[in-house]
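If you want the building blocks of each chain, they are given just below.
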Amino acid sequence: MIIVKTREEIELMRESALIVSKTLGMLATEVKPGVTTLQLDKLAEEFIRDHGAVPGFLGLYDFPNTLCMSPNEQVVHGIPNNTPLKEGDIISIDCGAIKNEFYGDHAYTFPVGEVSPEVDRLLKITKESLYVGIAELKVGKRVGDVGYAIQKFTEEAGYGVVRELVGHGLGRKMHEDPEMPNYGRRGRGKKLIEGMVVAIEPMTNMGTQRIKQLRDGWTILTADGKPSAHFEHDVAIIDGKPEILSTFKYIYQALGIESDEEDAFRQELLAV
Ligand code: MG
Ligand code: MG
């Protein structure tokens, strides 16, 4: 059952989402060759608590840390460790926070120093597919329309769409109805309704869509060892249209990157 949120609840969820956004912004300049994912995890936990929130992943389903840290061929759910990042790596950082009882949950894949043009394209396409999917989040459409749009865009770019892991409803629970797959068929699945809040999170593999899991019971990695990227936003449906509650702007500010992707997205929606 989809748990619809009131406007007031959605504003509380925006607060939770923005704590995650700021955490990722803080981490942006800390991601560099030589740093370990465990060091970044500690920074994130401190930052979240300093902002009056609680890490959302820590202890959830017994996950041991604040961040899911998934470098290179790891898709999602990687556990922070003492291996230093190195030049040319990519690192997917997925972060959750709870404030006022509500979860924020989103993710960004960072390049570590300079990455190859092939990997850079994987990051760009995966992030773009996120917005392609969000644009479908309108009253009158269905879950399958979102997945279809992401899948079509991703596969046309030559990449694999992970099937086993999906986006989800978000609220007082980290995973609520409905599941939001990154693949699907037009006009199929549950109807999208006013006041729903979802996490949209394409997980895109450079090679095969197939995945495997490490014996740690958490880490998901690509079956062929090629890199995988992951971007996630928290989105509410307000006045029939998608409203992105999270933002990557703190990341771009920290890194001195000019990006109007979220504003451009809003303009595009207004034009429709
Ligand atoms: Mg997430
Ligand atoms: Mg999520």
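Residues numbered from 1 in each chain as written. Chains lettered and ligands numbered in written order. Predicted model: local features only at pLDDT ≥ 70, side-chain atom pairs only at ≥ 80, totals over all residues. Heavy atoms only, no water.

A.B. asks: So what exactly am I meant to see when it comes to the packing of helix α1 (residues 7–28) against helix α2 (residues 37–50) here?
C.D. replies: It is the contact of α1 with α2, at a shortest axis distance of 10 Å, that shows an interaxial angle of 140 degrees. Comparing the axis directions of α1 and α2 gives the class oblique. Note on packing geometry: the crossing formed by α1 with α2 is right-handed. Within the contact between the two elements, α1 uses Ile19, Lys22, Thr23, Met26 and Leu27 and α2 uses Leu40, Leu43, Ala44, Phe47 and Ile48. (Axes fitted to C-alpha atoms, helices over the stretch in contact; angles between N-to-C directions. Helix = DSSP H or I, 4+ residues; strand = E, 2+ residues; numbered from the N terminus. Parallel < 35°, antiparallel > 145°, perpendicular 65-115°, else oblique. Left-handed = near helix turned anticlockwise from the far one by under 90°. Contact = heavy atoms within 4.5 Å.)

A.B. asks: What is the right way to read the packing of aromatic side chains from this model?
C.D. replies: Two aromatic rings, taken as a pair, are described by how far apart their centres are and by the angle between their planes. Taken as a whole and judged by the stated rule, the model has six aromatic pairs. Ring centres of tyrosine 108 and phenylalanine 110 lie 4.8 Å apart, and the angle between their planes is 55 degrees; on these two criteria the pair is classed as tilted. The class for tyrosine 108 is buried, based on a relative accessible area of 8%. Look at tyrosine 108 and phenylalanine 248: their rings are 4.9 Å apart centre to centre, the planes differ by 75 degrees, and that puts the pair in the edge-to-face class. With a gap of 140 residues between them, tyrosine 108 in strand β5 (residues 102–111) and phenylalanine 248 in the loop between β15 (241–244) and α5 (249–255) connect regions that are remote in the sequence. The pair formed by tyrosine 108 and phenylalanine 248 is uniform in burial state, with each residue classed as buried. Aromatic rings pair up to connect Tyr108, Phe110, Phe231, Phe248 and Tyr252 into one cluster. Arginine 163 extends its terminal NZ or CZ atom over the ring of tyrosine 183, reaching a point 5.1 Å from the ring centre. (Phe/Tyr/Trp six-rings, centres within 6.5 Å; stacked < 30°, edge-to-face > 60°. Buried < 20%, exposed > 50% of the residue type's maximum accessible area, 1.4 Å probe, protein only. Lys NZ or Arg CZ within 6 Å of the ring centre and 35° of its normal.)

A.B. asks: Looking at this structure, how should I read the coordination of the magnesium ion (ligand 2)?
C.D. replies: Ideal values for angles at a metal depend on the geometry: 109.5 degrees with four tetrahedral donors, 90 or 180 degrees with six octahedral donors. For the magnesium ion (ligand 2), every protein donor is listed as Asp105 (OD), His168 (NE2), Glu201 (OE) and Glu232 (OE), and the spread of their distances is 2.1 to 2.2 Å. If you list the donors of the magnesium ion (ligand 2) from N- to C-terminus, the spacing comes out as D-x62-H-x32-E-x30-E. Here the magnesium ion (ligand 1) and the magnesium ion (ligand 2) are spaced 3.1 Å from one another, each receiving a donor from aspartate 105. Placement of aspartate 105 in strand β5 and of glutamate 232 in the loop between β13 (228–230) and β14 (233–238) is noted, with a sequence separation of 127 residues between them. Here the two residues aspartate 105 and glutamate 232 agree in accessibility, since each one is buried. (Donors = N, O, S within 2.8 Å, 3.2 Å for Na, K, Ca; no water.)

A.B. asks: Looking at this structure, how should I read the coordination of the magnesium ion (ligand 1)?
C.D. replies: The coordination sphere of the magnesium ion (ligand 1), as far as protein atoms go, consists of Asp94 (OD), Asp94 (OD), Asp105 (OD) and Glu232 (OE), spread over 2.0 to 2.4 Å. Within one chain, the residues serving as donors to the magnesium ion (ligand 1) are arranged as D-x10-D-x126-E. Taking relative accessible area as the criterion, aspartate 94 reaches 7% and is therefore assigned buried. With relative accessibility at 1%, the residue aspartate 105 sits in the buried group.

A.B. asks: Could you clarify how one ought to interpret the sheet that holds β14 in this entry?
C.D. replies: In sheet architecture, strand pairing relies on hydrogen bonds along the backbone and comes in two forms, parallel and antiparallel. In spatial order, the strands read β8-β7-β9-β14-β15; together these five strands make up an open sheet with antiparallel pairing. The sheet is open, and its two borders are formed by β8 (176–180) and β15, each paired with just one other strand. Recorded for the sheet is a direction-independent mean angle of 30 degrees between the axes of neighbouring strands. Relative to β15, β14 is paired through four bridges, and the arrangement is antiparallel. Its bridge partner being in β15, valine 235 is matched across the sheet by isoleucine 244. Sitting on the sheet, α1 touches β9 (197–200), β14 and β15, and the angle it makes with β14 is about 165 degrees. Its contacts with the sheet place helix α3 (residues 117–134) against β9, β14 and β15, and it is angled at close to 15 degrees to β14. (Pairing = 2+ DSSP bridges.)

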